[in-house]
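Given next are the chains, with one letter for each unit.
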Amino acid sequence: MTATSAHQPPSDETLREVALTRDEYHFAADLLDRPPNPVELGIIGGMWSEHCGYKHSRPLLSRLPSEGPQVLIGPGEENAGAVDIGHGLAIVMKVESHNHPSAVEPFQGAATGVGGILRDIFTMGARPIALLDSLRFGPLDDRRGRYLANGIVGGIAWYGNCMGVPTVGGEVYVSGAYRGNPLVNAMCVGLIEHSQLTSAAASGVGNELILVGADTGRDGIHGATFASVDDPEASHRGVVQVGNPFMEKLLLEACLEVLQTTDAVLGLQDLGATGLTSSSVESAGRGGTGVALHLEHVARRASGMTPYEVMLSESQERMLVVAARGRAAEVQEVFTKWGLHSDVIGEVTESGLLEVIDNGQPAATLPIGMLTDAPTYTYPVERPAYLDEVGPIHLDALPEPEDPTDAFLQLLASPNISSRRPIYRQYDHMVGANTVIAPGGDAAVLRIKDTPLGVAIATDGNGRTTYLDPFVGGAAAIAESARNVSCTGARPLAFTNCLNFGSPEQPAAYYQLSRAIDGMAAAARALETPVISGNVSLYNESGGEAIWPTPVVGMLGVLDELDRRCGAGFTAEGDEIAVLGAGRPRLDGSEYLSVAHGRVSGCPEINLVDEVAVQRLVRELIVARLLSSAHDCSDGGLATALAESAFAGGLGVRAPDLPILGRLDETLFGESQSRIVVSYPPLAAAAVAAAAATLSVPIRPVGKVGGDRLCIGPIDVPLAQAEPVWSQGLELALAGHAPPG
Amino acid sequence: MKAAVVVFPGSNCDADTLHVLGNVVGMNARYAWHADTSLDDVDLVVLPGGFSHGDYLRTGAMAARAPIMSAVREHADGGRPVLGICNGFQILLEAGLLPGAMLLNDSTQFRCEWTHLRVESTDTPCTSAASNGQVLRLPIAHAEGNYVIDPDGLAHLHDQDRVVFRYVSASGNRSPKTNPNGAIDDIAGICNQRRNVVGMMPHPERASEAELGGEDGRAIWESLLAAAGA
Amino acid sequence: MTGQRFRVRVAVQLNAGVNDPQGLTVRGSLHDLGFTEVNDVRIGKLITIGLSADNETAAAERAESMCRQLLVNPVIESFAIEALEPVDGKVAQPA
Amino acid sequence: MTGQRFRVRVAVQLNAGVNDPQGLTVRGSLHDLGFTEVNDVRIGKLITIGLSADNETAAAERAESMCRQLLVNPVIESFAIEALEPVDGKVAQPA
Ligand SMILES: Nc1ncnc2c1ncn2[C@@H]1O[C@H](COP(=O)(O)OP(=O)(O)O)[C@@H](O)[C@H]1O
Ligand SMILES: [Mg+2]
């Protein structure tokens, strides 16, 4: 098999396997001025897949703002983005999906997703300091739903815990929209000094490429193309990989040590989707060089592997190291110390080509530029008809709850509202000895040792809102994640994201994608939080049904003084409780509407001016040390937010005279953006009110902290009765038992 | 006081432990590498938490056979203090420096949460500065903390006052609800017959600074310092 | 449950070609201990199930369906029912 | 390594009387799935070792000493060497 032999045009089946259209095939052949051989075809397919080439999303992604003085490395430049947090330090972060592998083998699929995102961070030279996981499951009253959910959580726990990187936050939503296609988005955050940031560029002709870590096996071939076609259940089962977090831990320590102890390493690149193919091509692309790979030097786990298999294997826990010419041995010594195998498998060339050589025979010869520059597609953005059907809700048709306390307890037990502790207690969220605000609050807060700084991190994204209004959903994902960060007192700095959508070739999904990005862009501009990295996961469908469009945003904020921070739980009997913000609670798209009335409908809204103002206010109040608690009022509305602050603090709520605005259920359970529940000592009330007035943010008194009951308007229930309903809701659902009450 | 924190492949609380020993408690602390063979220069050896060798086969099994373990044994034989935390405890069991074994938690899941421990014996270098019956609030983070020992072994532990910590409620009472992993007799930590080797599942290094949620772990370090000074 | 008691032993192995990190790590450790003659270690599960069934065939069928429904993920594992024996007394004892 | 290639299969079981949390959980899940006839589940390990040795006896001896030195914790486990077979070809293949 050589690059010059003549070829038949590939069959439809071959093209499907490499995820290329016939037009793309002809386009590639034209660029090459000859037909690609089978190895080349596989390489082109991998690099031009949605996963690597972003062929449907790249034109849309450019609408997201990506500039700001804080941005050190923006999207697309390296394996992850980097933000300046002051004191010469940077945070490196990224989120990535592993949806399709997790649908087939939940434990290993999710575990290897965590492994992949960790490598993206430590290839930058940064030490990973936190993981977050944003999860969407199908209904848990379904056995398969529970199997997937428990397997996914177990896999994330296994990999992250073994690595010693704390999993400090995330999200969990359960909906029929994710049946058959769960979402597993893992985010990793790393810390590094500016001067230590390492590139993934293969530069300097003659420098050596070292492959280190696991041996290369047949696993995972076509993972990238698999992620780019629909129906994960259908085929491609052979791509599932078994992760080895132990080896990854060794890789992490060895990579950081080699960067510290020698200057012989010029670049680091992990092997992710399409394995050796994209890692070598992307490194060469960044360096503006070429690479020659000698496949016979690649250590194999299986015998008889073809060049095609070696180039496309997605075996986990491998890294490509660019070492200065003649200094490979020095680098390899460190890996050997950590018990890792490594081989020199190629070198940087000036050819501008990817040259794959197998035992002296050319197996593939392709221009780097052609591979890194996938063809892109845009489609007309047409508003799909379903949006009219799910439009305005008619409140007259919805009876108000007969017993508000019952309705409230039912809501607290919902798997979308109840405590996430059954999940995060399976994650080591303390290792690293930096976790100051653990999961369970609005955003996680980590201290940065040897500085006064803290960082706050949250992920958010509401698929239901995005389904009902993609623009609002996109904007709300940014707004809510930033709001969660602001509720700790931290200043939102930048975000990363994962766009989980259906097939872009379907007009409805393309509309959702396009509008959600517009919404994200608008909110990101308003909040001055640029994007620094991200990932796109399209073709999330099963049985012909697309998932709810689900943009997931991971927001980073900085606390200039860790001491000036705030938690979500009430802290003192007698404190006053108020709601900050202009948002008007509505049942549109609310969890209550779904739980009590089985409906997904309505027109959610967001006002970005209000959003910016309320976040600014809460930060100012926290920095001035006026607040005892601050908690974002989101899913489940005001009553739920009050209950969560009460459970977290072990203190009740006295708000029997809560002013009812509009309908009772709207006041209690209605949702809106831009609202924050705060508590403060009575002595601070005047200062809080003055600050709110200065920023023109409405402030509404609710009642007082205290007692051992939740008295919220007509709701009246002992904490000791409500707390177990909330704390066991998800736990029982995951165990296959009906919720209490 | 000079201390060594042993780094096995897969240890992941080594840096946290070194940080606390060195920066918080003020010991002269260094790492020891699993392939090293000498610990002659130190007073205290700590085997930290983590997933040595990925927790594969049996937790702690492979680490217990590492070259450094001969030096740890010598250190213990010399009557000097050895503390195993979490995976370090598991390694001490596998090495035979402490009796019994660890099984998977009865929940079969990893558990990371705060627990309360009652100090059952102050006659160890790790608890000498605590008071008997004192309740400490310390976090756990493990999947295999379900301690087992045969009835004779358990009787020995009792007779010789070698149960060092038990899981209890905040008010110091034992109950099945406060046992996070199914460990026999609510055991969270034990010592050897000579009392200088202590293994415990909870993580004192995660509870030694107020901003991380509690400082009860200092009781352990202060005991070690006091024992060394005595 | 009516019927006789059986003990079924199921061997679950990772499919050939699937990465076995545990086996690899144990091999490394055996090498370190001087067992350098070891070239390969694979670690699987041995599941022993005590159950009641009308007869041997029924017991084997049930065990197989447990494997398919819960015990084994065919994406990465395969299984074999290795021993099936009647057990005396009331409760099947572990091997 | 000189000598012949062998494949040894070692079955490692928790001792009777030692609690098996994983087995208990699996039993619970089987019950939930309707396999109510299951009274007992125990989960052990199946370790397959490919090694070189001069002859069968030597291979068995080495495997046994691996078990004693690393593979088995006698405090809670016992083992049996179950199959020992020569392997053709140069490299022992996983089962
Ligand atoms: N999958 C998860 N992993 C870890 N922590 C989680 C996960 N899901 C939720 N959490 C944590 O639980 C808390 C509540 O989550 P959520 O209800 O999504 O908060 P909010 O509505 O404020 O965004 C947060 O601290 C969050 O980080
Ligand atoms: Mg959220």
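Parameters at a glance
Residues numbered from 1 in each chain as written. Chains lettered and ligands numbered in written order. Predicted model: local features only at pLDDT ≥ 70, side-chain atom pairs only at ≥ 80, totals over all residues. Heavy atoms only, no water. Contact = heavy atoms within 4.5 Å. Buried area = accessible area lost by both parts, 1.4 Å probe. Salt bridge = Lys/Arg side-chain N within 4 Å of Asp/Glu carboxyl O. Polar contact = N/O pair within 3.5 Å; in protein donor to acceptor, adjacent residues only side chain to side chain. Helix = DSSP H or I, 4+ residues; strand = E, 2+ residues; numbered from the N terminus. Domains from an automatic or database assignment. Near = heavy atom within 4 Å. Areas by Shrake-Rupley, 256 points an atom, 1.4 Å probe, with all protein chains shown as cover. Nonpolar A, V, L, I, M, F, W, Y, C, P; charged D, E, K, R; others polar. Buried < 20%, exposed > 50% of the residue type's maximum accessible area, 1.4 Å probe, protein only. Least-squares fit on C-alpha atoms with pLDDT ≥ 70 in both. Pairing = 2+ DSSP bridges. Axes fitted to C-alpha atoms, helices over the stretch in contact; angles between N-to-C directions. Phe/Tyr/Trp six-rings, centres within 6.5 Å; stacked < 30°, edge-to-face > 60°. Arc of directions from axis to C-beta.

A. Local environment of the interface of chain D and chain B. Each side of the interface is counted separately: chain D has 16 residues, and chain B has 16 residues. Here chain D and chain B share an interface that buries about 1100 Å² over both sides, 66% of which is from carbon and sulfur atoms. Put simply, chain D and chain B have one salt bridge between them. Across the pair Arg58(B) and Glu77(D) runs a salt bridge whose closest N-O atoms are separated by 3.7 Å. Applying the counting criterion to the chain D and chain B interface returns five residue pairs in polar contact (both at pLDDT 80 or more). Secondary structure elements with two or more residues in the side of chain D that touches chain B: α1 (21–32), β2 (38–53) and α2 (56–71) of chain D.

B. The domain arrangement of chain A, seen in detail. Partitioning chain A into structural domains gives domain 1 (9–48 + 199–373) and domain 2 (404–432 + 566–741). Here domain 1 of chain A and domain 2 of chain A have C-alpha centroids that lie 49 Å from each other.

C. Spatial organisation of the site of ligand 1. Residue and element names in this part refer to chain A. The full set close to ligand 1 counts 18 residues, and Asp133, Gly170, Gly440, Gly441 and Asn484 are the nearest of them. Note that an oxygen atom of ligand 1 is positioned 3.1 Å from one of the backbone N or O atoms of glycine 170. Between ligand 1 and asparagine 484 there is a distance of 3.0 Å, counted from an oxygen atom to a side-chain nitrogen or oxygen. For ligand 1, the protein covers 90% of the area, taking 550 Å² as the surface of the free molecule. Elements that contribute at least two residues to the shell around ligand 1 include exactly β4 (127–137), β5 (167–174), α17 (421–424) and α19 (470–486). Considering each element in turn, the shell around ligand 1 owes the most residues, four residues, to β5. Tallied by class, residues from the shell around ligand 1 come to six nonpolar, six polar and six charged.

D. Spotlight on the environment of Leu84(D). All names here are of chain D. Mapping leucine 84 onto the fold places it in strand β3 (residues 77–86). Taking C-alpha positions, leucine 84 is 23 Å from asparagine 15, a pair spaced 69 residues apart along the chain. Discounting residues that sit within four places of it in the chain, leucine 84 has contacts with Arg7, Val8, Glu56, Ala59 and Ala60.

E. Examining unusual backbone geometry more closely. All names here are of chain A. One non-glycine residue, histidine 87, adopts positive backbone phi at about 55 degrees. The residue aspartate 450 is not glycine, and still its phi comes out positive at about 65 degrees. Along the chain, aspartate 450 falls in the loop between β15 (444–447) and β16 (454–460). With a relative accessible area of 81%, aspartate 450 lands in the exposed category.

F. Focus on the relation of the copies chain D and chain C. Rotating chain D by 180 degrees and moving it 0.0 Å along the rotation axis overlays it on chain C with an RMSD of 0.1 Å. Taken together, the turn and the small shift mark the pair as related by a two-fold rotation axis. Minimal C-alpha distance to the rotation axis in chain D is attained by Lys45(D), lying at 2.3 Å. Most of the interface of chain D is mirrored in chain C, where 97% of its interface residues are also at the interface.

G. Focus on the sheet that holds strand β1 (residues 4–14) of chain C. Overall, antiparallel pairing links the six strands, which are arranged β3(C)-β1(C)-β2(C)-β2(D)-β1(D)-β3(D) in an open sheet. Only two strands of the sheet have a single partner each, and these edge strands are β3 (77–86) of chain C together with β3 of chain D. Neighbour to neighbour, the strand axes of the sheet diverge by 25 degrees on average, direction disregarded. One ladder, built from nine bridges, connects β1(C) with strand β2 (residues 38–53) of chain C; its direction is antiparallel. The residue of β2(C) that forms the bridge with Val12(C) is Lys45(C).

H. Fine view of the sheet that holds strand β13 (residues 361–367) of chain A. All names here are of chain A. Strands sit in the order β8-β10-β7-β11-β9-β12-β13 across an open sheet of seven strands; the sheet is mixed. Of all strands in the sheet, those with a lone pairing partner are β8 (265–270) and β13, marking the two edges. Ignoring strand direction, the axes of neighbouring strands in this sheet form an average angle of 20 degrees. Here four bridges tie strand β9 (residues 290–294) to strand β12 (residues 353–358), and the two strands are oriented parallel to one another. When the sheet's bridge partners are listed, valine 291 is paired in β12 with leucine 354. With respect to the sheet, helix α7 (residues 106–122) is in contact with β8 and β10 (318–323), its orientation differing from that of β8 by roughly 160 degrees.

I. Spotlight on the interface of chain D and chain C. If you look at the interface, chain D gives 39 residues, while chain C gives 38 residues. Taken together, both faces of the contact between chain D and chain C bury some 3500 Å²; the carbon and sulfur share is 57%. Connecting chain D to chain C are four salt bridges. In this structure, Arg9(C) engages Glu82(D) in a salt bridge whose closest nitrogen and oxygen atoms are separated by 2.7 Å. Sorting the residues of the side of chain D that touches chain C by element identifies β1 (4–14), α1, β2 and α2 of chain D as the ones contributing at least two each. Per-element accounting of the side of chain D that touches chain C gives the leading share, 15 residues, to β2(D). When grouped by side-chain class, the residues that make up the side of chain D that touches chain C number 19 nonpolar, 12 polar and eight charged. The sheet contact formed by β2(C) and β2(D) spans 13 bridges and is antiparallel. Within the sheet, the bridge partner assigned to Gly44(C) lies in β2(D) and is Leu46(D).

J. How the structure looks around the pattern of salt bridges. Per the stated rule, a full pass over the model turns up 62 salt bridges over all chains. Note that Glu40(A) and Arg34(A) form a salt bridge whose closest N and O atoms lie 2.8 Å from each other. For Glu40(A), a relative accessible area of 0% puts it in the buried group. Residue Glu330(A) pairs with Arg327(A) through a salt bridge whose shortest N-O separation is 2.7 Å. Salt bridges linked by common partners bring Arg118(B), Glu120(B), Arg166(B), Arg174(B), Asp185(B) and Asp186(B) together as one network.

K. Representation of the packing of aromatic side chains in the model. This structure, assessed with the given rule, holds 14 aromatic pairs over all chains. Summarising the aromatic geometry, the rings of Tyr592(A) and Phe669(A) are spaced 4.9 Å apart at their centres and angled 25 degrees between planes, so their arrangement reads as stacked. In this pair, Tyr592(A) is assigned in helix α21 (residues 591–597) and Phe669(A) in helix α24 (residues 664–669), connecting sequence segments 77 residues apart. By the burial criterion, Tyr592(A) is buried, and Phe669(A) matches it. Taking 6.1 Å as the distance between ring centres and 25 degrees as the angle between the ring planes, the aromatic pair formed by Phe89(B) and Tyr147(B) counts as stacked.

L. Helix α25 (residues 685–694) of chain A, seen in detail. All names here are of chain A. Restricting attention to buried positions, one finds in α25 the residues Ala685, Val688, Ala691 and Ala692. Within α25, the buried residues cover an arc of 130 degrees as seen down the axis, which keeps them to one side. The exposed residues of α25 that point more than 90 degrees off its buried face are Ala686, Ala693 and Thr694. Residues of α25 that are buried in the fold lie against β22 (576–580), α22 (608–623), β25 (676–680) and β26 (699–705). One or two residues past the end of α25 sits serine 696, with phi positive at roughly 55 degrees.

M. Structural context of the pairing of β26(A). Residues and elements named next belong to chain A. Bridge count between β22 and β26: five bridges; the pairing is antiparallel. Bridge pairing in β26 places leucine 580 opposite isoleucine 699. Two strands pair when backbone bridges link them, and strand β24 (residues 653–655) and β26 are joined in this way by two bridges, in the antiparallel orientation. For arginine 654, the partnering residue across the bridge sits in β26 and is lysine 704.

N. The environment of Asp133(A), seen in detail. Residues and elements named next belong to chain A. Tracing the backbone shows aspartate 133 in strand β4. For the pair aspartate 133 and methionine 187, spaced 54 residues apart in the sequence, the C-alpha separation amounts to 6.1 Å. The contact partners of aspartate 133, leaving out residues within four places of it in the chain, are Ile156, Thr167, Gly169, Gly170, Glu171, Asn185 and Tyr427.

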